[in-house]
Amino acid sequence: MIPANDILGRRNEIKDCIAADNMDEAMRRLIDFIRDFFESMEDEVLLLSRDYHAVLKMERMRLEPIEQIERLKGHIANRVLATLKAALHQIEHS
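One structure accompanies this document, and this report is about it.

What counts, and at which threshold
- Residues numbered from 1 in each chain as written.
- Predicted model: local features only at pLDDT ≥ 70, side-chain atom pairs only at ≥ 80, totals over all residues.
- Heavy atoms only, no water.
- Helix = DSSP H or I, 4+ residues; strand = E, 2+ residues; numbered from the N terminus.
- Core = buried A, V, L, I, M, F, W, Y, C linked by side-chain atoms within 4.5 Å.
- Buried < 20%, exposed > 50% of the residue type's maximum accessible area, 1.4 Å probe, protein only.
- Contact = heavy atoms within 4.5 Å.
- Polar contact = N/O pair within 3.5 Å; in protein donor to acceptor, adjacent residues only side chain to side chain.

A few points about the environment of histidine 53
And step 1. Note on placement: histidine 53 falls in helix H3 (residues 42-61).
And step 2. Each C-alpha atom of the pair histidine 53 and aspartate 32 lies 17 Å from the other, and the pair is 21 residues apart in sequence.

What follows is the structure in structure tokens.
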């Protein structure tokens, strides 16, 4: 069994990255976290990462107004938090 503090500590690191607006690091840590503890959710997280990188590409190419880019980034951050919550929900109900 994985010690709960490992899972909660890693979850908190991801949340701290989001709070610091360091989404690149949050995405990397999220992928590692899911691969280490919740392999069944890996595809979902990889698609989330792809969506995040698509938003970054739109931002670099200036395809959308900055307000729209910021909304999309906020939506991605919410999806990361929802993914963390769903992962912990799996532990509680297993």
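Regarding the nonpolar core
And step 1. Of all hydrophobic cores here, the largest spans 24 residues; its most connected members are Ile14, Met23, Leu30, Phe33, Ile34 and Val80.
And step 2. Sorting the residues of this core by element identifies helix H1 (4-19), helix H2 (23-37), H3 and helix H4 (66-92) as the ones contributing at least two each.
And step 3. The contacts of isoleucine 34, once residues within four sequence positions are left out, are Glu39, Met41, Glu42, Val45, Thr83 and Ala87.

Details of the side chain of threonine 83
And step 1. By the element assignment, threonine 83 lies in helix H4.
And step 2. Assessed through its relative accessible area of 4%, threonine 83 is described here as buried.
And step 3. One polar contact links the side chain of threonine 83 to the main-chain carbonyl oxygen of arginine 79, over a distance of 2.8 Å.

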